[in-house]
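# Topology and contacts: notes
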Amino acid sequence: MYTPFDFSEALGHRKDYIEDRLREGSPVVGIAYDTGLLLFTIRRTQRKVYEIYDRHMFSAIGNQSDIENVRLASINMAHQEGFERSPDDVSLQRMVGFSLSPALKKGYGDQMTVPFVIRALFAELGKSSSADCFFVLNFDGEYRRAADNAVVAGTPSAEDRMLSVIGSPLRDELPLAKALKLAAEAWAAGARDAHKRRNIASDFDESDQGSPLKGVDEGDADDVFLRDELKVGTIEAAVLERKPAQRTEARFRLLSEVEIAEATAK
Amino acid sequence: MIQIRPNGIGSGAANSMEPAGDLWALLERSGHPLTRSNTLATNVGGASSFVDTHGTTVIAVKFKGGVLNVGDRRATANFAVMYDRAEKVLPIDDHTLLAISGSFARAMEVVRYLRTSFKLFERTYLQPMSLEGKLAELAKVVRAGIPEALQGIGGFIPILTTFDHDENEGRIFFYDGMGARFESAEFGAAGSGSMQIRGVFDYIVKTRKPFHEMTREEALREALYLLDIAADLDAATGGWAKVLPLATTITAQGIVDVSEDELKQVIAEIDAASPGRGLSLR
């Protein structure tokens, strides 16, 4: 017989299953800078930061197929809405709140399916900077809106560390180059935190032989960790810019390697 | 509304084996009127009192380094001038223009459709739609309008001009009402005044020089002369006595409007060289 206890236990198992798979995801950092919004991450092979619509972009950690699924659903939804009504009517509040979140929640609770493994970060460039926002959408359908910055990482503790590294900079005094540097620092703090916890679980720590962090001061550790990660990974960063050079409505732009290298050089 | 389904299969998603990045399929699913052939009860034909608004004359000519589009500003419904500031040369992406003639409502919807469709494709597949793909997309929407066009409303004829970065040259494509696509080496024209000036293009190419060898300024002057003749010979085409025409170029650098000042200057020169016109531009 299926009891209420089974129900909550089953959900717990699903949560463990998903969180296990999210833990190693490369974090994503979202920061509002003076003239736009930035999404920053480090990837191995697959693209990670995507354009959704004229004023929307998206990145996520999780299972590649689930990320694609949510990405395509968002793109379809936005373009259909943008055509049938107006591009001005495409909003994250509607997309995330009314479509994506309920579908994720349903998938999470449905014992007959494999749950979505995803934690997604959306960005929306508003009509004015006060209307800019980020949305973090979790595998269970929970979502939250943030104004100036938002992150997704494999563990809550990593996300906390990242947010504390970012702090609360004054947006008007934060040009893109500075935002990139800050995002790189936040990424390193989050990724290293998740990494450390993983190592604790497997009886391995940063002072072991072979670890690039052996003998490194705590103050420099995030940076050393970042340089080490960049040997195998590539920074991927994209922006939604309020004052674009082109004549189209699209505000999305992937940053060039040169821009990224200049901003994140030591 | 599109939903990702709880079993993990999204509408149009990669793992559902359905084509993604296809606006037409999305609109068909939502029952949008663009994708449904209109079923009017009777054939309204020419006898109906219902008349849709029509754009009139648009012209595209090549020049050294690109393509120039010129259009008058008039939109008419039967003998009424509905609007004298219509824009009939519209960008559908960063280096493609659609010049429209015929049913204004249909044409505007098609322009919005193409813009959205190209963007949807590019965002889905992370690469721009090919020129062939874009031309096929336009043929599809022209063809979808046939049932209505047969009933006497909604017919429209586009000219698509673009800068082809692979060939490093401007290109001009025109269509017939069935969606057949033709490429023109020198020029294209559509709309009510286009037949009246059809021979003038050939005269210019044969007696002066091919458009693609002209400078931008030469091409602009010839195109404005052509538009002036169309306005003279076609009642529905607007002249420039009241509102300036629109002129837009596409080059390797993208789409640029010809400035009002430049238009005024060329027009003033043409007017000055036309004896007996007697009307000066504002």
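These numbers were taken from a predicted model, which means no experiment stands behind them.

### Digging into the overall build of chain B
The helix and strand inventory of chain B stands at seven helices and 13 strands. Scored against the burial criterion, the 282 residues of chain B give a buried share of 45%. At a minimum sequence separation of 6, the contacts of chain B that also span at least 24 residues come to 66%.

### With respect to the overall build of chain A
A tally of helices and strands in chain A yields seven helices and ten strands. The globule rule puts the C-alpha radius of gyration for 266 residues at 18 Å, and the 19 Å found for chain A is close to it. Across its three principal directions, the C-alpha atoms of chain A cover 60 × 60 × 30 Å. Here chain A holds 266 residues, and the buried ones make up 45% of them. Looking at chain A alone, contacts between residues at least 24 apart form 67% of all its contacts between residues at least 6 apart.

### Considering unusual backbone geometry
All names here are of chain B. Phi is positive for Asn78, which is not a glycine, with a value near 55°. Looking at the element boundaries, Asn78 is found in the loop between strand 4 (75-77) and strand 5 (80-83). Positive phi is not limited to glycine here, since Leu126 has a value of about 60°. Note that Leu126 resides in the loop between helix 2 (104-125) and helix 3 (131-144).

### Considering the environment of Arg161(A)
All names here are of chain A. Position of Arg161 among the secondary structure elements: in helix 4 (residues 156-166). Separated by 86 residues in sequence, Arg161 and Ile75 place their C-alpha atoms 31 Å apart. Discounting chain neighbours no more than four positions away, the residues touching Arg161 are Ala189, Gly190 and Asp193.

### Things to note about the sheet that holds strand 9 (residues 234-241) of chain A
All names here are of chain A. The five strands lie next to each other as 8-1-2-9-10, forming an open sheet whose pairing is antiparallel. The open sheet is flanked by strand 8 (149-152) and strand 10 (252-254), the only strands paired with a single partner. Across the sheet, the mean angle from the axis of one strand to that of its neighbour is 15°, orientation sign disregarded. Inspection of the sheet shows strand 1 (residues 28-33) paired to strand 2 (residues 36-43) by six bridges, in the antiparallel sense. Bridge pairing links Ala32 to Leu37 in strand 2. Taken strand by strand, helix 4 contacts strand 1 and strand 8, and its axis lies near 150° from that of strand 8.

### Concerning the packing of helix 2 (residues 64-84) of chain A against helix 3 (residues 92-109) of chain A
Residues and elements named next belong to chain A. Running from N to C, helix 2 and helix 3 point in directions that differ by 125°, and their axes come no closer than 11 Å. Accordingly, the angle class assigned to the pair helix 2 and helix 3 is oblique. Helix-helix and strand crossings are classified by hand; for helix 2 and helix 3 the assignment is right-handed. Contact with helix 2, carried on its side by Val70, Ala73, Ser74, Met77 and Ala78, involves Met95, Ser99 and Leu100 of helix 3 and no other residues of that element. When its residues are assigned to classes, the contact of helix 2 with helix 3 shows six nonpolar, two polar and no charged.

### With respect to the sheet that holds strand 11 (residues 187-190) of chain B
Strand pairing in a sheet relies on backbone hydrogen bonds, with the paired strands running either antiparallel or parallel. Residues and elements named next belong to chain B. Spatially, five strands are ordered 11-2-3-12-13 in an open sheet, and the strand pairing comes out antiparallel. In the strand order of this sheet, the two ends are held by strand 11 and strand 13 (254-257), each with one partner. Averaged over all neighbouring strand pairs, the angle between strand axes comes to 15°, with direction disregarded. Relative to strand 11, strand 2 (residues 58-63) runs antiparallel, the two being bridged by four bridges. Residue pairing across strands places Ala60 opposite Gly188, the latter belonging to strand 11.

### Some details on helix 2 of chain B
Taking 1.5 Å per residue, 22 residues should reach 32 Å; helix 2 of chain B reaches 31 Å between its end C-alpha atoms and fits that length. Residue Leu126(B) follows helix 2 of chain B closely and has a positive phi angle near 60°.

### Section: the confidence of the model for chain B
Predicted coordinates in regions of low pLDDT should not be interpreted in detail. The share of residues in chain B with pLDDT of 70 or more is 86%, and the mean pLDDT across the chain is 87. Counting interchain partners and residues more than four positions distant, the pLDDT-below-50 stretch residues 6-15 of chain B has 38 contacts.

### Let's talk about the pairing of strand 8 of chain A
All names here are of chain A. Alternating positions in strand 8 separate into two faces, Asn149 and Val151 on one and Ala150 and Val152 on the other, with burial throughout. Two strands pair when backbone bridges link them, and strand 1 and strand 8 are joined in this way by four bridges, in the antiparallel orientation. Note on strand 8: the bridge partner recorded for Val29 is Val151.

### With respect to the nonpolar core
Formed by 144 residues in total, the largest nonpolar core has its most connected members in Leu38(A), Leu39(A), Met57(A), Leu121(A), Phe122(A), Ala183(A) and Ala223(B). Ranked by residues supplied to this core, first place goes to helix 5 (residues 176-201) of chain A with eleven residues. Among residues more than four places away in sequence, those in contact with Leu39(A) are Val28(A), Gly30(A), Val49(A), Met57(A), Ser59(A), Leu121(A), Ala123(A), Ala237(A) and Ala238(A).

### Side note on helix 2 of chain A
Between its terminal C-alpha atoms helix 2 of chain A stretches 30 Å, which fits the 30 Å expected from 21 residues at 1.5 Å a residue. By the criterion of burial, helix 2 of chain A is predominantly enclosed, with 17 of the 21 residues buried.

### Focus on the packing of helix 2 of chain B against helix 3 of chain B
Residues and elements named next belong to chain B. In the contact formed by helix 2 and helix 3, the axes pass within 11 Å of each other and the chain directions differ by 145°. At the point where helix 2 passes helix 3, the crossing takes the right-handed sense. Residues Val110, Tyr113, Leu114, Ser117 and Phe118 of helix 2 touch helix 3, and the partners they reach there are Lys134, Glu137, Leu138 and Val141. Classifying every residue of the contact of helix 2 with helix 3 by side-chain character gives six nonpolar, one polar and two charged.

Conventions adopted
Residues numbered from 1 in each chain as written. Chains lettered and ligands numbered in written order. Predicted model: local features only at pLDDT ≥ 70, side-chain atom pairs only at ≥ 80, totals over all residues. Helix = DSSP H or I, 4+ residues; strand = E, 2+ residues; numbered from the N terminus. Buried ≥ 20, exposed ≤ 12 C-beta atoms within 10 Å, placed from the backbone. Contact = placed C-beta atoms within 7 Å. Rg over C-alpha atoms; globule rule 2.2 N^0.38 Å. Pairing = 2+ DSSP bridges. Axes fitted to C-alpha atoms, helices over the stretch in contact; angles between N-to-C directions. Parallel < 35°, antiparallel > 145°, perpendicular 65-115°, else oblique. Left-handed = near helix turned anticlockwise from the far one by under 90°. Nonpolar A, V, L, I, M, F, W, Y, C, P; charged D, E, K, R; others polar. Expected span 1.5 Å × (residues − 1). pLDDT = per-residue confidence, 0-100. Core = buried A, V, L, I, M, F, W, Y, C linked by C-beta atoms within 7 Å.

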